[in-house]
Amino acid sequence: MSRRPGTAPKRPLIIGAMVRTLGAYPSGWRHPDAHAEPGRDAEVLRRIGTLADEAGLDYLFFGDWLATGPDLEFRDPYLLARIDPLSAVTFLAGLTERVGLIATVNTTYADAYTLARAAASVDVLSSGRAGINVVTGAEPRAAGNHGRDAHADNETRYDRAEEFVRTVRALWDSWDEEAWIADKAGGRLIDPAGLHRADAEGAHIRVTGPLNTARPPQGHLPIVHAGTSPRSRALASGLADLALVAPSDLATAQRVRAQLRADAAAAGRHPDDLRVIAPILPVVAATRAEAQQIVDTLLALVPVDEGQGAALPDAFPDTRSLAAVGPVLGVDVAASTPLDEPVPAEVAAQFTDAGAHLVRLVTERTGRRVGGDHPVTWRHLVVTHAVPAAFVVGDAADVADHIERWFTADAVDGFNVLSAFQPGQFEAFTALVVPELRRRGLLAAPADTPTTLRDRLALAPVAPTRRAARSIA
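Residues numbered from 1 in each chain as written. Predicted model: local features only at pLDDT ≥ 70, side-chain atom pairs only at ≥ 80, totals over all residues. Heavy atoms only, no water.

For the chain, the helix and strand inventory stands at 16 helices and 14 strands. With the principal axes as the frame, the chain shows a C-alpha extent of 90 × 60 × 45 Å. Taking all 473 residues of the chain together, 53% fall into the buried category. Just so you have it, the chain exposes about 20400 Å², and 52% of that area is on carbon and sulfur atoms. (Helix = DSSP H or I, 4+ residues; strand = E, 2+ residues; numbered from the N terminus. Buried < 20%, exposed > 50% of the residue type's maximum accessible area, 1.4 Å probe, protein only. Areas by Shrake-Rupley, 256 points an atom, 1.4 Å probe, with all protein chains shown as cover.)

Next up on the list: the pairing of strand β3 (residues 100–106). Judged by how many residues are buried, β3 sits mostly within the fold: seven of seven residues are covered. Alternating residues of β3 divide into Gly100, Ile102, Thr104 and Asn106 and Leu101, Ala103 and Val105, and every residue in both groups is buried. Direction of pairing for strand β2 (residues 59–62) relative to β3: parallel, over a ladder of four bridges. Within β3, the position partnered with Phe62 by the bridge is Ala103. Of the strand pairs in this sheet, β3 and strand β4 (residues 130–135) are connected by six bridges, and their pairing is parallel. (Pairing = 2+ DSSP bridges.)

In this section: the UniProt feature "domain: Luciferase-like" (unreviewed entry) in the chain. With numbering aligned to this structure, UniProt lists the feature "domain: Luciferase-like" (unreviewed entry) at residues 35–344. Taken end to end, residues 35–344 has its terminal C-alpha atoms 37 Å apart, with 37% of it in helix and 15% in strand. (UniProt positions renumbered as here; feature names shortened; annotations may be inferred.)

On to the nonpolar core, then. Of all hydrophobic cores here, the largest spans 78 residues; its most connected members are Ile15, Leu60, Trp172, Ile403 and Phe415. Among the elements that take part in this core, helix α6 (residues 154–172) stands out by supplying eight residues, more than any other. Residues in contact with Leu60, not counting those within four places in the same chain, are Ala17, Val19, Ile48, Gly49, Ala52, Leu92, Val99, Gly100, Leu101, Ile102 and Phe426. In terms of nonpolar packing, the next biggest core, distinct from the first, is built from 50 residues, Ile14, Ala386, Ala389 and Ala420 among them. (Core = buried A, V, L, I, M, F, W, Y, C linked by side-chain atoms within 4.5 Å. Contact = heavy atoms within 4.5 Å.)

Relative to the helices and strands, Asp241 is located in the loop between α7 (230–239) and β10 (242–244). For Asp241, the contacting residues outside a window of four places in its chain are Arg169, Leu221, Pro222, Ile223, Arg269, Asp273, Leu274, Arg275, Arg454 and Leu459.

What follows deals with the pattern of salt bridges. The final tally for this structure, using the stated rule, is 27 salt bridges. Linking Arg231 and Glu155 is a salt bridge whose minimum nitrogen-to-oxygen distance equals 2.6 Å. Of this pair, Arg231 sits in helix α7 while Glu155 sits in helix α6, placing them 76 residues apart in sequence. On the basis of relative accessibility, which here comes to 15%, the residue Arg231 falls in the buried class. (Salt bridge = Lys/Arg side-chain N within 4 Å of Asp/Glu carboxyl O.)

Glancing now at the pairing of strand β1 (residues 14–18). Judged by how many residues are buried, β1 sits mostly within the fold: five of five residues are covered. Here β1 shows two buried faces, one formed by Ile14, Gly16 and Met18 and the other by Ile15 and Ala17. Of the strand pairs in this sheet, β1 and strand β13 (residues 414–417) are connected by four bridges, and their pairing is parallel. Its bridge partner being in β13, Ala17 is matched across the sheet by Val417. Pairing of β1 with β2, which is carried by three bridges, proceeds in the parallel orientation. Residue pairing in the sheet places Met18 in a bridge with Phe61 of β2. For the crossover that starts at β1, traverses helix α1 (residues 41–55) and ends in the parallel β2, the hand is right-handed. (Right-handed = clockwise from strand over helix to strand, strands pointing away.)

Within the chain, residue pLDDT values average 93, and 96% of them lie at 70 or more. In this model, residues 1–9 is a region of pLDDT below 50 whose contacts with residues beyond four sequence positions or in other chains number 27 contacts. (pLDDT = per-residue confidence, 0-100.)

Before going further, it helps to spend a moment on the environment of Trp378. As for its placement among the helices and strands, Trp378 is situated in helix α13 (residues 378–386). Considered as a pair, Trp378 and Thr408 are 30 residues apart in the sequence and their alpha carbons are 38 Å apart. Among residues more than four places away in sequence, those in contact with Trp378 are Leu322, Leu329, Val333, Thr337, Pro338, Leu339, Glu341, Pro342, Val343, Pro344, Val347 and Phe351.

Quick look at helix α9 (residues 288–300) now. The end-to-end C-alpha separation of α9 is 19 Å, in line with the 18 Å expected for 13 residues at 1.5 Å each. Inspection of α9 places Ala291, Gln292, Ile294, Val295, Asp296, Leu298 and Leu299 among the buried residues, and these make up the whole buried set. Where the residues of α9 are buried, they touch β11 (275–284), α12 (353–366), α13, β12 (391–394) and α15 (424–439). (Expected span 1.5 Å × (residues − 1).)

Orientation of helix α10 (residues 322–329) relative to α12, taken along the N-to-C sense of each, is 115°, at an axis distance of 6 Å. The orientation of α10 relative to α12 falls into the category roughly perpendicular. Along its contact with α10, which presents Val325, Val328 and Leu329, the element α12 presents Ala354, Gly355 and Leu358. Here the residues of the contact of α10 with α12 are counted per class, giving five nonpolar, one polar and no charged. (Axes fitted to C-alpha atoms, helices over the stretch in contact; angles between N-to-C directions. Parallel < 35°, antiparallel > 145°, perpendicular 65-115°, else oblique. Nonpolar A, V, L, I, M, F, W, Y, C, P; charged D, E, K, R; others polar.)

The next thing to look at is α1. Here α1 contains 15 residues, and its C-alpha end-to-end distance of 21 Å stays within 8% of the 21 Å for a straight helix at 1.5 Å per residue. On its buried face, α1 sits against β2, α3 (85–93) and α15.

Shown next, in the form of structure tokens:
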């Protein structure tokens with residue numbers, strides 16, 4: 001599987017990191033080495049930024065969620081309280097030197113001019129390292145937080161999102177590259193012919209322009225989009241530079257990437273102008289056994305219904321119990337069964353195919369075996385069923401094998417690395433997996449990587465498009 005050291009792939013492998021300071025696994029914040037206080041996020045962000053720069057990662061990605069509530073404590077704790085994405089990338093722009101910085105914006109609620117100006121400003125301040133992830137929102141509570149009675153319907157949201165992307169690009173084109181003359185002797189600061197109105201007018205967005213920020217060093221910041229609906233795929237293939245996908249297996253990933261590239265070509269684009277990125281949740285350590293022990297600890301720290309009649313919080317998920325996993329296993333399990341009791345081999349032999357699959361996942365991820373000295377317990381089955389997570393568990397070679405296999409099979413152009421807890425698992429990835437990928441010729445040395453995010457992603461340069469009036473309808 002390994003490449004010969006020093007050989008280069010035909011296209012660049014993209015490795016970014018999706019930053020969730022409380023960890024990407026629901027119990028990650030409970031790990032003994034984990035960051036667990038959002039009020040001190042600056043500390044862990046500094047550490048992540050330093051590690052990403054030193055490792056030569058392509059970007060740090062900051063998602064968003066425009067509401068909060070007690071239910072998130074169990075489902076997605078990292079969403080409870082988090083730094084605004086644009087604030088995060090602005091903070092890191094002054095603390096990092098090379099890594100790209102991608103912030104999420106919800107186009108359903110954002111103002112196009114304000115976003116275009118803020119994003120261009122970050123691009124200037126970071127010397128061309130900024131990117132924007134556009135989302136349309138899926139949280140009904142966000143409507144009330146923005147003075148609306150209801151969340152917009154799907155078609156309206158995507159119509160606005162497409163207009164939004166075209167509008168911010170038009171605004172970024174306000175200044176020609178040579179418009180700023182700064183001729184001190186002649187007394188000319190700008191060439192007025194190089195300053196342009198956007199004159200964008202659509203069903204949802206109207207903006208005149210020009211933008212009162214210098215032209216971004218990248219021209220157009222890279223646009224990212226994720227989603228599985230037909231409208232989402234159309235936005236990604238027609239307008240985005242990076243499409244984020246989450247296929248369940250290699251074959252599905254190959255089909256999804258091929259379809260997105262075909263859709264991009266049908267939209268009049270070159271397929272290579274669209275990069276397809278998948279998530280990866282590696283749990284990595286110096287040895288496979290150590291990595292499995294980390295997963296074992298994370299599973300044990302997930303709160304579950306112990307079946308002893310204790311009162312549970314109102315928002316507690318009803319999937320985290322023996323009663324919920326029993327039908328999946330295909331056997332009757334008494335609710336009072338101690339969760340830390342080993343699963344008997346004779347009972348496991350009666351499991352359904354789905355139940356047997358859960359057992360295999362536990363064995364692969366923790367090293368536990370039914371009937372072994374380190375047995376699978378009922379708790380492991382409950383948690384593995386109730387909290388799905390596509391862990392890639394092992395040492396540096398194990399994780400690098402997964403990345404290389406998917407990349408060389410044309411299933412993806414790169415990965416968004418998720419860390420189960422911060423900063424420990426991000427430190428492990430950069431210290432162990434990144435050097436292994438570099439040894440295989442899949443990643444360049446940090447000093448050899450391009451300086452702008454567009455160049456890192458091997459995206460074509462952008463030349464301003466001019467028209468007397470620009471319609472985005």
